[in-house]
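Examining the three-dimensional arrangement
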Number of protein chains: 2
Amino acid sequence: MLGNVFIGNGPVRAIVASGLWFVKNKSNQKAFTCFIASSAAVGYGLSRIAVADNAQAVQPINTDKFMGSPITSMEKIVANRDDMKIRMELLILRIQAEFCRALEAEETSGARFRVDRWQRKEGGGGISCVLQDGQVFEKAGVNISVVHGSLPPPAVAQMNARGKHLPEDKKLPFFAAGVSSVVHPTNPYVPTIHFNYRYFEVQDQDGRPQGWWFGGGTDLTPYYLNEQDARHFHSTLKGACDRHDRTYYSRFKKWCDDYFQVKHRGERRGVGGIFFDDINTPSKEKAFLFVESCAEAVVPSYLPLLRQHKDDGYGYAERQWQLLRRGRYVEFNLIYDRGTKFGLFTPGARYESILMSLPLTARWEYMHAPKAGSPEAKLTEVLKNPRDWV
Amino acid sequence: MLGNVFIGNGPVRAIVASGLWFVKNKSNQKAFTCFIASSAAVGYGLSRIAVADNAQAVQPINTDKFMGSPITSMEKIVANRDDMKIRMELLILRIQAEFCRALEAEETSGARFRVDRWQRKEGGGGISCVLQDGQVFEKAGVNISVVHGSLPPPAVAQMNARGKHLPEDKKLPFFAAGVSSVVHPTNPYVPTIHFNYRYFEVQDQDGRPQGWWFGGGTDLTPYYLNEQDARHFHSTLKGACDRHDRTYYSRFKKWCDDYFQVKHRGERRGVGGIFFDDINTPSKEKAFLFVESCAEAVVPSYLPLLRQHKDDGYGYAERQWQLLRRGRYVEFNLIYDRGTKFGLFTPGARYESILMSLPLTARWEYMHAPKAGSPEAKLTEVLKNPRDWV
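Turning our attention to the confidence of the model for chain A. Interpreting fine coordinate detail is not advised for predicted regions of low pLDDT. Of the residues in chain A, 85% have a pLDDT of 70 or more, and the chain-wide mean is 85. Every residue in residues 1–56 of chain A is under pLDDT 50, and counting partners more than four places away or in other chains gives 133 contacts.

Structure below.
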């Protein structure tokens, strides 16, 4: 296979060889950090391409280590390598794979992620990875989706209510790519983690971007408060933020506390983290690099907690408390979470991927209240009154 | 204690004696069927009153058998005996008590309903009865609430969207009284039942009714389909409807199928029953009597199913399926149910009473699908394609 493909603005000649290589250009400060190991099991249309002409510098892209083949065709990926849509797709594919592999390495039962690659009739698709009923993980889900189509008018109205200025009278083409994950570990001393990073683009009728923004966050939901864990988690996120803007962490920490509220109970879902939306400054490039840093901070923020507590001893009472708290998690996700509601109300949504965030088991006891002074009461206190951790 | 209280339109003399008696008037075709047994443990302000003067006919009212004292003061109850607000309050107090007693009689562990009487700061209150962790009942809740205050503008907008013509620019006094119940039995062969009957009044600034309506319904959520059970349940509800209007059952059966949809899954919550709202014809009196018939049909529609199956043998697989279906129940209640959302979004709402509808335990498995031809698949089929049962 030999042919002309387009990279950036100029045609270059591509040779099928032992890897997919790109011309590194100046705007692409960080291209790809992974390397193709083998293309045997992938089955992509174009699994390995090397740019021979015009190759000042080439960067390999490892598609093999992804949990599934990209949603966008390799031809399009190669031809639009510098487009933010493609860069975001490749980022979320990499983050998904890195997180899944990191979790699998901790799972002692031999259970592995089930991988479902799905297509969306209206445009695009996704890859859902779920590990269920393991020894270390009761349920862990890591999804990516790369979708496009026309925004339904209620979605446009919702965006305008958030300060956008989009026309509400005509069909609005959009593109969205995101990675989203929730991990519910078995051991009540290991917190649940959630993260989600996404890029959104609204286009004109010719597909040119009319508006774009990034959103996302990472937050922690412990069942028992371990202050050292909370400090490590927040410090790691703060580090990722500080590399880009010294004001980010404190703003996005507060945003997280404000967003993850189980309002009817007057509680936060957990000890927070960071949360942001509608980020379109200082530039598309810089916003992307910030989101990339956040997404790369997930593993170092969480894995130490998981490793430290996954074998902690616990009993029936701790398990029952964990199940009750999981009930609160369900309440937040089904009643308040914008993403869940937006997803479920979108016709043709893959509800199994949206609802993978729900725990395997949850419990609701009428009028449950932890005993004063108990570890359960200590957690509840911090859920009612969020603290600063760094 | 001796004093003047008002019944209907004229003052009568009340004597504290061994019961609370009312002058029966013609419009009150069915007054009270219960009788006071003892007032010892009740602690009402006025627990026993007999009307001595003007007593063409007297009807006893049994306040002692209620799960708690009425929300409205006995003085007001006596003074406004013919007011629909009072009649509805007394009806739901009776229905709550009758249903709780009927369930307790089936519970073999000795567990009894916990009774919480609560006040609402903004006006009114309620009685929540919950039996949890029994042998026969995993969780059963039976609530009444009698509340009044000012409707928040979003609630008025929601009502106008349903065809009301209420002014949206000023505070609108309202009154609402209802009974609401969900029973999650332990045995997977006993269906979950839900019912709710309510009266709503919107008032002008002087408290005069500007608009009123009744709503409610009873519906069944089996874990395994038993066609005979479904027929008995629907026939009993149809009987209650037919006594008032031969068109009611088919209309309200369809309304129920339409309302209790877990839309993202393309499933109904269960095998339905009846559901209606905004009933204000043919007259307030007749609408009340219809609602009364429906509420009285709950016990005969459900108790035979409970008695027949509460000791059926079952194993791990049936329990797991029941937990999965309970997850679907949670999805409906938290995502779609108007009453739950309206309740939780009302400032000062007693969320424990609203969320008593949630099961003690629920489960979410990623991509679960029942085996073709299995009893679980048979149920799923009827949830996707509702049937006629009578």
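In this assembly, 32 residues from chain B lie in contact with 32 residues from chain A. Summed over both sides, the interface between chain B and chain A buries roughly 3,200 Å², with carbon and sulfur atoms accounting for 59% of that surface. At the boundary of chain B and chain A, one finds 4 salt bridges. Asp133 of chain A is the salt-bridge partner of Arg363 of chain B, the closest N and O atoms lying 3.6 Å from each other.

What follows covers the sheet that holds strand S11 (residues 209–221) of chain A. Residues and elements named next belong to chain A. One open sheet accounts for 7 strands, arranged S6-S7-S8-S9-S10-S11-S14; its pairing is antiparallel. If you trace the sheet from one side to the other, it starts and ends with strand S6 (114–119) and strand S14 (272–279), each paired once. Here the strands of the sheet are splayed against their neighbours by 5° on average, with no regard to which way each runs. Two strands pair when backbone bridges link them, and S6 and strand S7 (residues 124–132) are joined in this way by 6 bridges, in the antiparallel orientation. For Arg117, the partnering residue across the bridge sits in S7 and is Ile127. Sheet strands in contact with helix H6 (residues 284–296) are strand S10 (192–203), S11 and S14, and its direction is about 20° off that of S11. The strands touched by helix H7 (residues 298–309) within the sheet are strand S8 (137–151), strand S9 (172–185), S10 and S11, with S10 carrying the most contacts at an inclination of about 165°.

So, on to the pairing of S10 of chain A. Residue and element names in this part refer to chain A. For S10, the tally of buried residues reaches 11 of 12 residues, placing the bulk of the element in the interior. Taking the residues between adjacent antiparallel strands as the criterion, S9 and S10 are bridged by 6 residues. Pairing of S10 with S11 involves 12 bridges; the strand directions are antiparallel. If you follow Ile193 over to S11, its bridge partner there is Leu220. Hairpin remark: S10 followed by S11, antiparallel, with 5 residues in the connecting loop; positive phi at Gly207, about 85°.

This brings us to the relation of the copies chain B and chain A. What connects the two chain copies is a rotation about an axis and a shift along it. Aligned on chain A, chain B shows an RMSD of 0.0 Å; the corresponding rotation is 180° and the shift along the axis is 0.0 Å. Both copies of the chain, as the preceding transformation shows, are related through a two-fold rotation axis. Of all interface residues in chain B, 100% are interface residues in chain A too; the two copies therefore contact each other through one and the same surface.

Moving on to helix H2 (residues 84–104) of chain B. Helix length check: H2 of chain B (21 residues) gives 30 Å between terminal C-alpha atoms against 30 Å at 1.5 Å per residue, within 8%. Where H2 of chain B begins, the side chain of Asp83 of chain B points an oxygen toward the backbone nitrogen of Lys85 of chain B, at a separation of 2.7 Å.

Residue and element names in this part refer to chain B. Overall, antiparallel pairing links the 7 strands, which are arranged S6-S7-S8-S9-S10-S11-S14 in an open sheet. This sheet does not close on itself; its edge strands, each paired only once, are strand S6 (114–119) and strand S14 (272–279). Shown here is a sheet whose adjacent strand axes are inclined to one another by a mean of 5°, direction ignored. On the sheet, helix H5 (residues 248–259) packs against strand S11 (209–221) and S14 and is oriented at approximately 100° with respect to S14. Strands strand S8 (137–151), strand S9 (172–185), strand S10 (192–203) and S11 of the sheet are contacted by helix H7 (residues 298–309), whose axis makes an angle of about 165° with S10.

Rules of the game
Residues numbered from 1 in each chain as written. Chains lettered and ligands numbered in written order. Predicted model: local features only at pLDDT ≥ 70, side-chain atom pairs only at ≥ 80, totals over all residues. Heavy atoms only, no water. pLDDT = per-residue confidence, 0-100. Contact = heavy atoms within 4.5 Å. Buried area = accessible area lost by both parts, 1.4 Å probe. Salt bridge = Lys/Arg side-chain N within 4 Å of Asp/Glu carboxyl O. Pairing = 2+ DSSP bridges. Helix = DSSP H or I, 4+ residues; strand = E, 2+ residues; numbered from the N terminus. Axes fitted to C-alpha atoms, helices over the stretch in contact; angles between N-to-C directions. Buried < 20%, exposed > 50% of the residue type's maximum accessible area, 1.4 Å probe, protein only. Least-squares fit on C-alpha atoms with pLDDT ≥ 70 in both. Expected span 1.5 Å × (residues − 1). Polar contact = N/O pair within 3.5 Å; in protein donor to acceptor, adjacent residues only side chain to side chain.

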